[in-house]
Each structure stands twice: as C-alpha cells, then as structure tokens.
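Coordinate analysis (summary)
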Amino acid sequence: MFRTLSGFLKGAANVRAFGSLLTVNSVVGAIASAKFSGWASVDLVKKPQLKIGLELQRININRVASNTVASGSIDEPWSDMPLSLGGLNFLDAEVQVTATELNVGHFKFSPISLGMILSNGVMTTGITRTGTYGGQIKGTVVIDASKREPIHALRLDFSGVRASPLLSDVTGFSALDGVMQAKIDVHGAGA
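A brief structural summary. (Residues numbered from 1 in each chain as written. Predicted model: local features only at pLDDT ≥ 70, side-chain atom pairs only at ≥ 80, totals over all residues. Heavy atoms only, no water.)

1. A short note on the overall build of the protein chain
Scanning the protein chain for helices and strands turns up one helix and 12 strands. From first element to last, N terminus to C terminus, the protein chain shows the α and β order β-β-β-β-β-β-β-β-β-β-β-α-β. Of all 191 residues assigned to the protein chain, the portion counted as buried reaches 26%. Long-range pairs, those at least 24 residues apart, make up 42% of the contacts in the protein chain with a sequence separation of at least 6. Total accessible area on the protein chain stands at roughly 12,300 Å², and carbon and sulfur atoms take up 62% of it. (Helix = DSSP H or I, 4+ residues; strand = E, 2+ residues; numbered from the N terminus. Buried < 20%, exposed > 50% of the residue type's maximum accessible area, 1.4 Å probe, protein only. Contact = heavy atoms within 4.5 Å. Areas by Shrake-Rupley, 256 points an atom, 1.4 Å probe, with all protein chains shown as cover.)

Put into structure tokens, the structure is as follows:
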C-alpha cells in the first residue's frame, strides 16, 4: 500500500467538451504545499485516447509499513498476488510528467522526467533527465500486454552516481564508495 497525498488537494482548471473530445486546460493547483500545473484531453471516439502533460514541484510517495519490517527496506516481502495487465488494451495514452523533486521513501530523485506511450496494449515508459545520488539515471520500461503472455523489459543506465549513499539506501551496505557507472538490462515474460 502506498500513501501519496500528504495534505489537501486544491486546484482549478478550464474544462470543455467538443463532441467526443473532453479537454482540461490551464490546470493549476497544489497538494499540501507542492504546486502542480498541466493539461489533459480524452477523445472518446472508438478506443479512448488519453493525453496528459503534468509539471509537479514535488512528489512524495511513502511506503506504508504493513508489518514490523522497516519501511522501504529491501527485506520487505514481495507480493505474490497475480497482476492483470489486460487493462492496457482498453485505451491508448500519451503522458509526460516532470517534477522538480520525487521522493520515494528515503530515495530522492531531482529533477525527474517521465514519458509514457500506451498504444495497442504496449506501454513504453522512458526516464530521462533524472538526477539521483549526484549522478544521472535514464532508461526504459516496456510492458507488452497485447499478447496472451505479457512481455516485460527494463533497461536502466546509471552514470556518475555516488555508490555509498545508493548502496546504503538500497541494501544497508556502506563499506564501498566512489562514482559508479552501471547498466541494468532485464527481460521477462508472464503474468
């Protein structure tokens, strides 16, 4: 379970409908003290097509501990609940999100830029211009739910990242320091 909102959501937008097209423009608001702005549109002809552009000041995502293991710890148990990806086939979407700062538990990314395209059951997410631990991360995540057995791929490139704080936050290991370059390339299939 994740808790993302740390206060009241307030905002304003200009909403208009033109036949099958619904637009939400000039979106401005705040969640607690973190400001955001953006726009969205939904075209409901045939297969729904969603487009979103969002700029956020700060996003805080905190893991809510469900047992006695420390929140955000690598020792937390993985869920074995089946994950259905069939919903990716019901709409097409283009999403662009940028944030000055993203905090996930004790991990901090600043700035971060994510782009996602969902077309015909294939979701491709790109991570660009993302700063963390004194360096940069970029990469892609692809989930292909268009076939009977979903296919997954993850590629991450780390450059100039400080090893000690990263390894300490991920594994509690702090006996190694330096600037690291790393590439992660993982492929899989199945639910």
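2. Describing the pattern of salt bridges
In this structure the tally under the stated criterion is six salt bridges. The partner of Asp 157 in a salt bridge is Lys 183, and the shortest N-O contact between them spans 3.5 Å. A residue pair is termed long-range when its members are at least 10 positions apart, and Asp 157 in strand E11 (residues 151–162) and Lys 183 in strand E12 (residues 179–189) qualify at 26 residues. Among the charged side chains, a network of salt bridges with common partners joins Arg 155, Asp 157, Lys 183 and Asp 185. (Salt bridge = Lys/Arg side-chain N within 4 Å of Asp/Glu carboxyl O.)

3. Topic: a nonpolar patch on the surface
The grouping of Leu 154, Ile 184 and Val 186 at the surface amounts to a nonpolar patch, some 200 Å² of accessible area in total. Position of Val 186 relative to the elements: it lies in strand E12. (Patch = residues over 30% accessible without salt bridge, like charges linked within 9 Å, V, L, I, M, F, W, Y side chains within 5 Å.)

4. Looking at helix H1 (residues 163–171)
Among all positions of H1, only Ala 163, Ser 164 and Leu 166 are buried. The buried residues of H1 all sit within an arc of 165° when viewed along its axis, so they share a single face. Turning to H1, the residues buried within the fold contact E11 and E12. Taken from the residues just after H1, Gly 172 is the one with a positive phi, measuring 80°. (Arc of directions from axis to C-beta.)

5. Some remarks on the side chain of Asp 157
Given the relative accessible area of 14%, Asp 157 is considered buried. Look past the residues within four positions of Asp 157 in its chain and what remains in contact with it is Gln 136, Ile 137, Lys 138, Ala 182 and Lys 183.

6. A word on the nonpolar core
Core analysis: the largest hydrophobic core is formed by 25 residues, its most contacted members being Leu 88, Phe 109, Met 116, Leu 118 and Met 123. Going through the elements one at a time, strand E6 (92–104), strand E7 (107–109), strand E8 (112–119), strand E9 (122–132), strand E10 (135–144) and E11 are the ones with two or more residues in this core. When residues no more than four places from it in sequence are discounted, the contact partners of Met 116 are Ala 93, Glu 94, Val 95, Met 123, Thr 124 and Thr 125. (Core = buried A, V, L, I, M, F, W, Y, C linked by side-chain atoms within 4.5 Å.)

7. Here we look at the environment of Lys 108
By the secondary structure assignment, Lys 108 is in strand E7. Taking the C-alpha atoms as reference points, Lys 108 and Tyr 133, separated by 25 residues in sequence, lie 7.8 Å from one another. Residues in contact with Lys 108, not counting those within four places in the same chain, are Leu 102, Asn 103, Gly 131 and Thr 132.

8. Some thoughts on the environment of Gly 135
Mapping Gly 135 onto the fold places it in strand E10. With relative accessibility at 11%, the residue Gly 135 sits in the buried group. Remark: the alpha-carbon pair of Gly 135 and Gln 181, spanning 46 residues in sequence, is separated by 9.3 Å. Leaving out residues up to four positions away in the same chain, Gly 135 has contacts with Thr 130, Ser 159, Gly 160 and Val 161.

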